[in-house]
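This is what each chain is made of:
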Amino acid sequence: MAKAKATFAAGCFWGVEARLAEISGVLETAVGYEGGTLDNPTYKDVCTDQTGHAEVVEVTFDPSRVSYDALLDHFFALHDPTQLNRQGPDWGTQYRSVIFTHNEEQHREAIAKIAELNAAGVFRGPIVTAVEPASSFWKAEEYHQRYLEKRGMVACHI
């Protein structure tokens, strides 16, 4: 079975992980931090809004069961990509909307999806989601992994 990775930032990673984990073809999810300057950051570090990291979900998926394009559709459906550095009550650069791409094909697909959604007027404003090459993924502390599931919750505000 082929495996691929996709990494998304769409606000607080707890709710994003819960929603992405439900998708058929998603094999694993992990929450963590990406896009910043500090090696091995902690949640406390990232919450200072000084490290440059975003809260992300790294998705391992089977491309024969779910396409990257379908994952992009889910990503854009589960948050407001027109809000800069915030989602719901959460604000700061760690809550920004970012697609971290793992190869040139993902980069092209992400840019094309944003152009398609903007052209179609799907959202009330222009999409501010950044598309950046994947960098170091720092896995978050264990208590953050499957946070909502561990607490018997199915959703939070995203």
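Scroll up for the structure.
Residues numbered from 1 in each chain as written. Predicted model: local features only at pLDDT ≥ 70, side-chain atom pairs only at ≥ 80, totals over all residues. Heavy atoms only, no water.

Visitor: Whenever I open this one, unusual backbone geometry confuses me. Can you help?
Guide: Working note: non-glycine residues mostly have negative phi, and peptide bonds are mostly trans. Non-glycine residue Asn40 carries a positive phi angle of around 50°. Topologically, Asn40 is positioned in the loop between β2 (26-34) and α2 (43-46). With phi around 65°, Asp49 is a residue other than glycine that occupies positive phi space. (Helix = DSSP H or I, 4+ residues; strand = E, 2+ residues; numbered from the N terminus.)

Visitor: What exactly am I supposed to notice about the pairing of β2 here?
Guide: In terms of residue burial, β2 counts as a mostly covered element, since seven of its nine residues are buried. Relative to strand β3 (residues 54-61), β2 runs antiparallel, the two being bridged by eight bridges. Bridging from a neighbouring strand, Glu28 pairs with Thr60 of β3. In terms of strand pairing, β2 meets strand β8 (residues 138-139) through two bridges, oriented antiparallel. The residue bridging Gly32 from the neighbouring strand is Lys139, located in β8. (Buried < 20%, exposed > 50% of the residue type's maximum accessible area, 1.4 Å probe, protein only. Pairing = 2+ DSSP bridges.)

Visitor: Where do I start with the pattern of salt bridges in this structure?
Guide: Side chains that carry opposite charge are capable of pairing whenever their charged atoms lie near each other. By the definition in use, this model includes five salt bridges. Here Lys113 and Asp73 are joined by a salt bridge, their closest N and O atoms 2.7 Å apart. With Lys113 in helix α4 (residues 104-120) and Asp73 in helix α3 (residues 68-77), this pair connects stretches of sequence that are 40 residues apart. Look at Asp73 and you get partly exposed, because its relative accessible area is 38%. We note a salt bridge from Glu116 to Lys113, for which the minimum N-O separation is 3.8 Å. You can see Glu116 and its partner Lys113 sitting in helix α4, three residues apart, about one turn around the helix. Residue Glu116 is classed as partly exposed on the basis of its relative accessible area of 46%. On the basis of relative accessible area, Lys113 is assigned to the buried category, the value being 4%. Here the salt bridges do not stand alone but share partners, grouping Asp69, Asp73, Lys113 and Glu116 into one network. (Salt bridge = Lys/Arg side-chain N within 4 Å of Asp/Glu carboxyl O.)

Visitor: Which parts of the structure should I look at to understand the nonpolar core?
Guide: Most often, soluble globular proteins have nonpolar side chains that are buried together. Counting 31 residues, the largest nonpolar core has Phe8, Leu20, Val59, Leu71 and Ile99 as its most contacted members. Broken down by secondary-structure element, the contributors of at least two residues to this core are β1 (4-10), α1 (13-21), β2, β3, α3 and α4. Here the element with the most residues in this core is α3; it accounts for five residues. Leave out the neighbours within four places in its chain, and Leu20 touches Phe8, Val26, Thr29, Val57, Val59, His74 and Leu78. With five residues, the next largest nonpolar core counts Ala54, Val56, Val98 and Phe100 among its residues. (Core = buried A, V, L, I, M, F, W, Y, C linked by side-chain atoms within 4.5 Å. Contact = heavy atoms within 4.5 Å.)

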